[in-house]
Amino acid sequence: MLERASLGRKATVTFAEAALNYMNAGGEARFLAPILRHFGPNTKLSEIDNATVSTAAERLYPTAQPATVNRQLITPISAILAMAAEDGLCTPVKLRRRKVTTQKTRWLTPEEFEVLAKEMTPHLTQIVGFMIGTGARVSETLNLQASTLYLSTGQAMLNKTKNGQPRMVRFPARAARMMQVRELPTIGSIFTTDHGKRYETGRILANGKRDGASIKTAFNRARDAAGLDSTGPDKVTPHTIRHTWATWHYAQNRDFGALLDLGGWSSADVANIYRKIAPDDLAGRLLQHGWDFRHAGWLDPLETSPLRSLRQT
C-alpha cells in the first residue's frame, strides 16, 4: 500500500490485477491460466515487454508452432495490455508476433472423402457429416443441442462457438442423410459417443489448450484405414474437414460473404486461409457425389426416407 501511495497505481499495478479487470469486463479467459501461473501475483504490469513475453513463450510453449504462440500467449497478453492502457494503468506496449511462414493447404477431394466415409463408424459418420455439411468446428459440433437442430429446413443454431457469437448454419441433404445413420435424440446433445454418452467438450489441458481428443481416436482410425496422410504437411485431421467444407462451399457458390458468415470467421483474411485454390471441375464432381451446397438448408422434398428423430426418456 505504501509503495502504491508513493509511486502511484500506474507504476505498481500487477499483471494479475490487469488480467482480472480484463476477465471481469468479459475478456476471453481460455488461455490465461498458464500465463497467470507463469507471471504469478507480483509481476508488475510495467514489467511486461517483449523480453518477458519471449521468456514466457520458452517456458510455456517450447515446442509450439509460431501460430500457437501467437494465439495462446501473445494475443491474450496483448489484449490485457491494451485494455490496461485504455484505463490509464500502463503505457501502450506493442508485442511482436511470431512470424507464421506456413499455412495448411490440405483439403479432401470428393473422391478422398468417399473413401474416408466408408471407414467411419456410425457415430463418427454423424459427426463428420454435420461438420462437412456446415463447416462447424469439432467443439461447436459436439455442443449442438437437439433444441437448435432444424432438420426440416436443414439448419442448426450453434450457440457455443469459438468466438462466442452464435450463428446459424445450413447443411445439404447429403449431410442430413449422414447424420441419420443412427436415430437422433430430441433432447440434449445431438451427437454422442459410440456408447451413446455425451461428449466432454469443456476441458482445458495444463498447457492452455482445449481438450480436442474427443473424436481423434475414431477419426484417426478411419483415416489410416482409408490410406490418407497421417504425418507431414498433408496430414488429415478432424480440422481438415473445416478446410474442406470452405473449399467445397466456395467452389459451388462463389459467394465469399456467405462463406464468411456461415464459417463464423472474424475477418476475411482468416477465411481466405480456409478457402483453398481448387480446380474448375470441383463443383461438378461434388454434385456427382451428392453434395449440393447451392441449396444448402433446403432439403430435397423427394427424399424417400423421412427425417427421423428418437425421443429420449
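Residues numbered from 1 in each chain as written. Predicted model: local features only at pLDDT ≥ 70, side-chain atom pairs only at ≥ 80, totals over all residues. Heavy atoms only, no water.

Novice: Help me get a handle on the overall build of the chain, residues and values and all.
Specialist: Counting its secondary structure elements, the chain contains 15 helices and three strands. A burial count over the chain gives 43% of its 313 residues as buried. Summarising the internal contacts of the chain: among those between residues at least 6 apart in sequence, 68% fall at separations of at least 24. Total accessible area on the chain is roughly 16400 Å²; 52% of this is exposed by carbon and sulfur atoms. (Helix = DSSP H or I, 4+ residues; strand = E, 2+ residues; numbered from the N terminus. Buried < 20%, exposed > 50% of the residue type's maximum accessible area, 1.4 Å probe, protein only. Contact = heavy atoms within 4.5 Å. Areas by Shrake-Rupley, 256 points an atom, 1.4 Å probe, with all protein chains shown as cover.)

Novice: Outline the sheet that holds strand β1 (residues 149-150), listing residues and values.
Specialist: The pairing of strands in a sheet happens through backbone hydrogen bonds and is either parallel or antiparallel. The antiparallel open sheet is built from three strands, whose spatial order is β1-β2-β3. Of all the strands in the sheet, the pair left with one neighbour each is β1 and β3 (167-170). The sheet contact formed by β1 and strand β2 (residues 155-158) spans two bridges and is antiparallel. Each bridged residue has a counterpart across the sheet, and for Y150 the counterpart in β2 is Q155. The strands touched by helix α8 (residues 122-134) within the sheet are β2 and β3, with β3 carrying the most contacts at an inclination of about 100°. (Pairing = 2+ DSSP bridges. Axes fitted to C-alpha atoms, helices over the stretch in contact; angles between N-to-C directions.)

Novice: Give a description of helix α3 (residues 15-24) that names residues and reports values.
Specialist: Along α3, the residues classified as buried are F15, A18, A19 and Y22. Buried positions in α3, seen along its axis, are confined to an arc of 100° and lie on one side of it. After α3 finishes, the residue G26 shows a positive phi value of roughly 95°. (Arc of directions from axis to C-beta.)

Novice: Can you lay out the pattern of salt bridges for me, pointing to particular residues and giving the numbers?
Specialist: Throughout the structure, instances matching the rule amount to nine salt bridges. In this structure, R106 engages E112 in a salt bridge whose closest nitrogen and oxygen atoms are separated by 3.1 Å. We classify R106 as buried; its relative accessible area is 11%. In this structure, E114 engages R174 in a salt bridge whose closest nitrogen and oxygen atoms are separated by 3.0 Å. Of the two residues, E114 is situated in helix α7 (residues 110-118) and R174 in helix α10 (residues 173-179); the sequence distance between them amounts to 60 residues. (Salt bridge = Lys/Arg side-chain N within 4 Å of Asp/Glu carboxyl O.)

Novice: Tell me about the environment of G257, and name the residues and values.
Specialist: For G257, the location among the structural elements is in helix α13 (residues 256-263). On the accessibility criterion, G257 (35% relative accessible area) is partly exposed.

Novice: How would you explain the packing of aromatic side chains if you had to name every residue and give the values?
Specialist: The full count for this structure, using the stated rule, is nine aromatic pairs. Relative to W291, the ring of W248 lies with its centre 5.6 Å away and its plane at 55°, an arrangement referred to as tilted. Of the two residues, W248 sits in helix α12 (residues 240-253) while W291 sits in the segment after α15 (282-288), which places them 43 residues apart along the sequence. For W248, a relative accessible area of 0% translates into the label buried. Centroid distance W291 to F293: 5.9 Å. Interplanar angle 10°. Geometry classified as stacked. For F293, a relative accessible area of 2% translates into the label buried. Taken together, the ring pairs in this structure connect F113, W248, W291 and F293 into an aromatic cluster. (Phe/Tyr/Trp six-rings, centres within 6.5 Å; stacked < 30°, edge-to-face > 60°.)

Novice: Outline the confidence of the model for the chain, supporting the account with residue identities and numerical values.
Specialist: Averaged over every residue, the pLDDT of the chain is 85; the share at 70 or more is 85%. The model gives residues 204-212 a pLDDT under 50, and that stretch makes 23 contacts with residues more than four places away or in other chains. Taken together, the stretch residues 298-313 has pLDDT below 50 and engages in 30 contacts with residues farther than four places along the chain or on a different chain. (pLDDT = per-residue confidence, 0-100.)

Novice: Outline α13, supporting the account with residue identities and numerical values.
Specialist: Of all the positions in α13, only A258, L259, L262 and G263 are classed as buried. Projection of α13 onto a plane perpendicular to its axis shows the buried side chains occupying an angular sector of 115°, all on one side. If you follow the buried residues of α13, they end up packed against α8, β3 and α12. Measuring from the side-chain oxygen of the N-cap residue of α13 to the backbone nitrogen of G257 gives 3.2 Å; that N-cap residue is D255. G264 sits one or two residues past α13 and shows a positive phi near 75°. (Polar contact = N/O pair within 3.5 Å; in protein donor to acceptor, adjacent residues only side chain to side chain.)

Novice: A description of the side chain of H123 should follow, citing residues and the corresponding values.
Specialist: Mapping H123 onto the fold places it in helix α8. Look at H123 and you get buried, because its relative accessible area is 8%. Polar contacts involving the side chain of H123 include one to the side chain of T121, which spans 3.0 Å. At 3.4 Å, the side chain of H123 and the side chain of Y199 are in polar contact. For H123, the contacting residues outside a window of four places in its chain are R182, T192, T193, D194, Y199 and A218.

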